[in-house]
Structure formats: C-alpha cells, structure tokens
Amino acid sequence: MDDEAKSVPTSDMNTDAAAEAEAAAAPLPPSSSETAEREEAKVEEADEEGQVVERLVELVSEIAAISDFRNSYRRQFCNLSRRIRLLVPMLEEAKEAPSPLPVASEAALRRLRDALHAARELLRLGSCGSKIFLVLDREKIMKTFQDVTARLEQALAGISFDELNISDEVREQVELVHTQFKRAKERSDSSDDDLFNELMSLYNSSSSASVDPDILQRLSEKLQLVTIYDLNHESLTLHEMARGGDPGAVVEKMSVLLKRIKDFVQTEDPEMGAQASTANISPKDNSTHPVIPVDFRCPISLDLMNDPVIVATGQTYERGYIEMWLEAGHDTCPKTQQKLANKSLTPNYVLRSLITQWCEANGIEPPKRAAQFKDAPLPCSATEHSNVLELLQKLSSQNLEDQCGAAGMLRQLAKRSAENRACIGDAGAIPILVSMLSTTDVSTQEHVVTALLNLSIYEENKARIISSGAVPGIVHVLKRGSMEARENSAATLFSLSIVDENKVTIGCSGAIPALVQLLSNGSQRGKKDAATALFNLCIYQGNKGKAVRAGLVPILLELLMETECGMVDEALAILAILSGHPEGKAAIGAASAIPVFVGVIRNGSPRSKENAAAVMVHLCNGEGEQQQQHLAEGQEQGIVSLLEELAESGTDRGKRKAVQLLERMDRFLKQQSQAQAEAEAMAQAHAQAQAQAQPRILVQAQAHADMQAERSLILISSDISDR
C-alpha cells in the first residue's frame, strides 16, 4: 500500500461514532406558533411514512447540535443534552428492529419522540434565548424542566429492549440514562433566588448609577453578559422576542435591565465602549482605520473572523484556524485549555451577522481566508489541470500501455497532496477509474484501485466514489484481484466506511464475506486492512449478523491463538463488537473459547485485556444454562483474581468491564453457594430421617424374633403333651 494511503485516519477500536450537525441559523424566540406548526407538520408526515425511529434520530442530532448554554441554568441544560445524546446507540440499533413494530413499542417510541421534541425546544431556548428572560421567568422554566424530564423518563420506561433487538451493552447504557432521568424527576432543582432579587432591584432603581457596583458586577458575571458579543446577542434576542409577539411589558422590562447592565460594563471597560461605538460610526466620521472589536477577532489569529464556528466549550474561532489546531492533534480549547468533549464545529450565525453589520457600517469588506486547509485545498494551476486532463485522455484510450501508465501517474499524483486529490476529483477522473476496476490487466487494476484509495482521503471524493457506483467494482477486485490489489481494496472500503451512510452501502454489496476471506488467507498487511475495514463496518448494527454468518468468529478466534501474527488486538476489538449482537454472542459462546479469553486477560496488552473482559461480560450476561457454564468455566480458569487486578490497574474501560464481570461472578458464586447449602441441608435431613427410622426397625425386628420364638415354644410344648 502507498505511504499516502497509510495515512488514512485509523479508527480507534474502542470509540463510539459522534454525530455532527449544524445549529439553527438564527436564535428562536421562546414561543413561535409558526415554528410549532412546521414541526407538527413534519412529525405528522413522518408518522404517515412510518418513520418514527428515523425521526427520533433526527431529533437527537438536532439536540446534539445545540450548545453554548451560557446562562444561570447551564448545569441543567448540559445534563439534559448529555443524557439525550446517550440514546443515539439505542436508536441506531432500533432501525434494524423487525418491521412492523409491535403496537406497544411503536406507541412508546412516539411518546419518546414527543418528549424529545419538547426537550429540543427547551434546549434551543437555553442556547439562543434571552439570559435575562430565563431568570425573570424562572418558575415557568423550572416547571418546563420537570415536565420534560418526567416525559422522557416515562417514555424510556415503556420501551421494550427485546422487541427492538437492543444489544446488552446498549441496554445497560439506556438503563443508566433512565435511572438518571428518574432521579432528576424526583429531585427539584431550585432557581437562583439571589440572582432574581438582584435583577428586580436593578429594575426598580432609578438608574444603574444608584445601584451598588458589586451587585451590577455579580449580575454581569452570573448572566455572562461581560463582552460586546454577549450584550449584542442579548439585544438581538430581545428584538426577536418583540417581533415574535411576546408581551410588550416583558420586553420593556428586559430592555431596561439590559441597558443598565450594558452601561455598567462599558463604564468598567472604556475600551469596550469605544469598540461598541465604532459599529455605529459611518466611514465619513472615521479619519483612521476602525478598531476591530475584540469579540470579532479569532483568538488564534487575532484577525477579523469571516467564518466563525463554535467548539464544544462554547468558544468561537475562525473555522480554518481551529481546524488547523485540531488537525495538529490537539484535543483542548485553545482559549480555555478545557478538554473538548467532541470536535464538532457549529457555525456561529449570530456573530457572523454582527460582523457583517459592523463591516457594512465601517465600509470594509469581510476578509478572505488567510490560509487554505485540508477541506478547501488550493486550486491547482492551469498547467497541473491540463496535465490531469491529458492523463484522463490516455486513461480513456484503447491502448493498454497508455491506460496502465496514466493510472500509475494518477496514483502517484493522488498520493502526494490534498491539492492533487481535489484537482483529480474535480477533473472527473473518478468515474473513469471506477469503470476500469474490472480490467483484466493486473498492473492497471492495482494502479486503479490504489488511485481510488488515495483519492478517497479527500472528503469530497468519498461522495464522488460512492455516487459513481464504485463499491461493486472494489468488491470485485477484493475477491479476484492480485494480493496487492486486494489489500488496497480493503483499505479503500475502510476509508469510505468512515462515513456512516457508506457502512450500509458497503455492507449490502457483498463486501463482508470477501473481507472475511482476506482476513483468513491474505498477507499480513491484507489481514490488517481487512480487520480495520470489518471493525468499521461492524459498528453498524445491520452488518454484525452478516459478518457472523460469513464465518468471521472462528477466524477471529484462530487469530487469538496465533499470537505470532500480531492480530490479537484487532481480533478482540471486533469480537467485542460482535458479542453484543445475539448471533455474535451465540457463535462466540458455542466456540468454547472461555480459556482463550481468560488467557488474554492474564497475559494480554491493556487494550486486549479490556476487550476480552468486554466479550466475557456479554457472554455471561443472563441467567440461562449457557451463561452459568461460562461463569463456572471462568471460575475454574482463575478469572476472579485476574479481574480484581484489572479493576485496580487496567484502562478506564477495562476497569468498568472488570467490575461488571466481578459483580456477575459474585452473584453466580452466591447462587452456587446457596444451591450447595440447600443440597447439603436436604442430604442432612435425609440422613436424620434414616437415623430416626433405624430404632423403629430394630424394635420391629426384635418383636418379630420374639414372636417367632414364642411360636416355637408353643409347638414344642404341644409336642411334649402329645407324647
């Protein structure tokens, strides 16, 4: 495989897929009948099509995109959002449930849909709504939190995991979320009375100058109205509420409060006041270049932002610079140094609008991007574009030598840079390359499939490759090509499967049996490529059964025992995924592999230990006879002491799995001890009964003997008298 191809991002074999979605283009008012009508129509349309689960997935994606809860209810909003996002794995698996769903399950999912709809509106209010309004309307907000929490808890309580074919591991996660909602429903969070009272005190005062500065400082900090962006955003939200038809008295009260807080903030920071005023000065009044407001500058480049995006911590950066920061391997927020919960970037439409208004007011154009990045590479020159077109002409010719040479050159060009990959894709090379996958010339086929592999590294080319119908051709090469071509076909499928929708397409193409075959009889590199592709594909629930039926489990177990092949970590990672599927669990359980897993927990790498423990958790989960046998076999192999050690010194995931398995083993041992005690008690009772019965038997025997002796004496006596 080419060096460039090897740079395809490798999937971490223990991480979950993260959903990424965009936020709404403008802040929503707390109530909007027009929006509600659109949403109700959308829900009814989904119901008519019977797509309840798909609608649930959409709702959770929309909720995941809502962030920046910088207000007095931040903890409550963050907890609600986090718990809802944890439902994603269950909904993904529910997509594969038998159709049609049982009436009870469909009704439960509809209740969950309605609850998520209400939760989304509440979270939108928390993200885009007025911070002052949230405090003034505190009783209604807290009641809404309680209502949404109760609806979510009740909806989750009615879901049947068995009817939806939810795996054991996902079931445990959802049960934990349900417990959290249940506790939150029973617990009533109190609002900040001091904040409300101080806000009302400020409103009732004649001016901000007559209020204690300490109170104003606290209000500014608690409401997080401390920068020009915060204040302008709050002002825009008030205008939105007024336009949405909210009571004038409420908006008037909020406007008074905002003005007094703004006066205080600008008094405390004169520079901010000057910056805020520059937005209202016409170019004619400016003799010098206008000062760019601090909040309009990217914290990394310090330049005016053109495409501001929000990261997980709520901070805003220029898209290009934060992408460079993340691509360099950082997982923290540059400004706050907090660890990022995810690397999704949400467009900050409000700030972009404010920047545009400021630029128009000051007669300047928004700046162009200062640099180009991976997803927007520099356009190729006219000469380079001409060279690519010339290669495509040769590729389309009937001369086999020209075809092979052109495919080889495209392969090398795609290997060198992102600019080349974009240029080749833009020139229309991908459909031509796809049409040549079935060529009988070995060298040309190797060049073609490897060129597609290198091109697939560029995200836009992934969609082009899929839409060109490349997957069947790639699978053809995977089955019948040379070993190098098969290796790079597997790597291409892995690269394409990074996009979730492509997992379904590839799984339906017959690729999985071919990958299993390569894993079984391929070269060392071919086995590695097949394993990474299979792992990625099996993240999708619908592909797990296909992999099991293709005979993947026995091959993985063989790799576990062939430690010299260096595939133990990969094999266990895939087994850990398959063990959560009913077919996978049955196939692994039937293979009598408990000693192998115990051996890995004893001598394997940290990653292998945690995956072996994860497999054991799935195999031993349940009260059936087979689960009891697995536990008994594990006990005989000495697994308890190994799990205790793993729970102390393993990876975080390894510790969790070890604790789960120890708890299950503890229940099993108690059941065994209780059963043994009952058996011993029954045996003892039987022995006592026999012991009590023995004297009676002896007495009866003695009585019988005495009777016989008496009869003998009578006969003798009679005989004597006869004489």
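This is a predicted model, so every value here is computed, not measured.

Undergrad: What is the right way to look at helix 24 (residues 483–496) in this model?
TA: Side chains of residues three or four places apart in an α-helix project in the same direction, reflecting 3.6 residues per turn. Taking 1.5 Å of rise per residue, the 14 residues of helix 24 would be expected to cover 20 Å, and the 20 Å separating its terminal C-alpha atoms lies within 8% of that figure. Counted residue by residue, helix 24 has 12 buried out of 14 residues, so it is predominantly covered. The set of residues buried in helix 24 consists of Ala 485, Arg 486, Glu 487, Asn 488, Ser 489, Ala 490, Ala 491, Thr 492, Leu 493, Phe 494, Ser 495 and Leu 496. Close packing links the buried residues of helix 24 with helix 21 (442–455), helix 22 (459–467), helix 23 (470–480), helix 25 (500–507), helix 26 (511–521) and helix 27 (524–538).

Undergrad: So what exactly am I meant to see when it comes to the pattern of salt bridges here?
TA: Side-chain pairing between opposite charges can occur once the charged atoms of the two side chains come close. Here the structure, examined in full by the defined rule, presents 23 salt bridges. Lys 143 is the partner of Asp 147 in a salt bridge, and the nearest nitrogen-oxygen pair spans 3.0 Å. Highlighted residues: Asp 147 and Lys 143, both in helix 8 (residues 138–157), separated by 4 residues, approximately one helical turn. On the basis of relative accessibility, which here comes to 34%, the residue Asp 147 falls in the partly exposed class. In this structure, Lys 528 and Glu 570 form a salt bridge, with 2.8 Å as the shortest nitrogen-oxygen distance. One end of the pair, Lys 528, is in helix 27; the other, Glu 570, is in helix 30 (residues 568–578), with 42 residues separating them in the sequence. With relative accessibility at 30%, the residue Lys 528 sits in the partly exposed group.

Undergrad: Please explain unusual backbone geometry as it appears in this structure.
TA: For residues besides glycine, phi is generally negative; the peptide bonds are generally trans as well. In this structure, Asn 165 is a non-glycine residue whose phi angle is positive, near 55 degrees. Considering the arrangement of structural elements, one finds Asn 165 in the loop between helix 8 and helix 9 (168–186). The backbone of Ser 592 shows a phi angle near 50 degrees, a positive value even though the residue is not glycine. Inspection of the secondary structure assignment puts Ser 592 in the loop between helix 31 (582–589) and helix 32 (594–603).

Undergrad: I would appreciate a short explanation of the side chain of Lys 585 in the present structure.
TA: Among the secondary structure elements, Lys 585 is positioned in helix 31. At a separation of 3.0 Å, a polar atom in the side chain of Lys 585 contacts the main-chain carbonyl oxygen of Asn 621. If near-sequence neighbours (up to four positions away) are discounted, Lys 585 is found in contact with Asp 168, Leu 578, Ser 579, His 618, Leu 619, Asn 621 and Gln 627.

Undergrad: Just checking my understanding: could you explain the packing of helix 23 against helix 24 for this structure?
TA: Following both chains from N to C, one finds helix 23 and helix 24 inclined at 145 degrees, their axes separated by 7 Å at the closest point. Classified by chirality, the crossing of helix 24 by helix 23 is left-handed. Contacts between helix 23 and helix 24 involve Ile 474, Val 477 and Leu 478 from the former and Ala 485, Arg 486, Ser 489, Ala 490, Thr 492, Leu 493 and Leu 496 from the latter. Within the contact of helix 23 with helix 24, the residues separate by chemical class into 7 nonpolar, 2 polar and 1 charged.

Undergrad: Sorry, what's going on with helix 9 here?
TA: The first and last C-alpha atoms of helix 9 sit 27 Å apart over 19 residues, in line with the 27 Å expected at 1.5 Å per residue. Those residues of helix 9 that sit buried are Asp 168, Val 170, Val 174, Val 177, His 178, Gln 180, Phe 181 and Ala 184. Buried positions along helix 9 lie against helix 4 (74–85), helix 5 (88–94), helix 8, helix 31 and helix 33 (606–620).

Undergrad: Where do I start with the packing of helix 32 against helix 35 (residues 639–649) in this structure?
TA: Angle between the axes and distance between the axes are the two parameters that describe a pair of packed helices. Where helix 32 meets helix 35, the axes come as close as 10 Å, and the angle between the chain directions of the two elements is 40 degrees. Comparing their axes, helix 35 and helix 32 come out oblique. Read as a crossing pair, helix 32 and helix 35 show a hand that is left-handed. In this structure, helix 32 uses Val 598, Ile 601 and Arg 602 to contact helix 35, whose residues at the interface are Ile 639, Leu 642 and Leu 643. Tallied by class, residues from the contact of helix 32 with helix 35 come to 5 nonpolar, no polar and 1 charged.

Undergrad: Help me out: how do you make sense of the sheet that holds strand 2 (residues 316–318) in this one?
TA: Hydrogen bonds between backbone groups are what pair the strands of a sheet, and the pairing can be parallel or antiparallel. With respect to topology, 3 strands assemble into an open sheet ordered 2-1-3, the strand pairing being antiparallel. For this open sheet the edge positions go to strand 2 and strand 3 (346–347), each flanked by a neighbour on one side alone. In terms of strand pairing, strand 1 (residues 308–310) meets strand 3 through 2 bridges, oriented antiparallel. Pairing of Val 309 across the sheet is with Pro 347, part of strand 3. Sheet strands touched by helix 15 (residues 319–327): strand 1, strand 2 and strand 3. Its angle to strand 2, the strand with the most contacts, is close to 95 degrees.

The rules behind each value
Counting starts from 1 at the beginning of each chain's written sequence and moves along it residue by residue. Under the rules for a predicted model, residues below a pLDDT of 70 receive no local features and side-chain atom pairs below 80 are neither given nor counted, while totals for whole chains, interfaces and linings still include all residues. Hydrogens and waters are ignored; side-chain quantities use all the structure's heavy atoms. Counting from the N terminus, the helices are DSSP H or I runs at least four residues long and the strands are E runs at least two residues long. Take the number of residues in a helix, subtract one, and multiply by 1.5 Å to get its expected span. A simple rule labels every residue: compare its accessible area, found with a 1.4 Å probe on the protein chains alone, to the largest value its type can have, and call it buried under 20%, exposed over 50%, or partly exposed in between. We call two residues in contact when some of their heavy atoms are within 4.5 Å. Salt bridge, as used here: a side-chain nitrogen of Lys or Arg that lies within 4 Å of a carboxyl oxygen of Asp or Glu. Under this definition, polar contacts are N or O atom pairs within 3.5 Å; protein pairs additionally need one hydrogen-donor-capable and one acceptor-capable atom, and for neighbouring residues in sequence, both atoms have to be side-chain atoms. Structural elements are reduced to axes, namely lines fitted to C-alpha atoms, with helices fitted over the stretch in contact, and the angle between N-to-C directions of any two is expressed from 0 to 180 degrees. Crossings are classed by handedness, with left-handed meaning an anticlockwise turn of the near helix from the far one by less than a right angle and right-handed meaning a clockwise turn. For this scheme, ten residues count as nonpolar: Ala, Val, Leu, Ile, Met, Phe, Trp, Tyr, Cys and Pro. Four count as charged, namely Asp, Glu, Lys and Arg, and the remainder, Gly too, count as polar. To sort the angles, those under 35 degrees are grouped as roughly parallel, those over 145 as roughly antiparallel, those from 65 to 115 as roughly perpendicular, and the leftovers as oblique. Pairing between two strands is assigned when DSSP locates at least 2 bridges connecting them.

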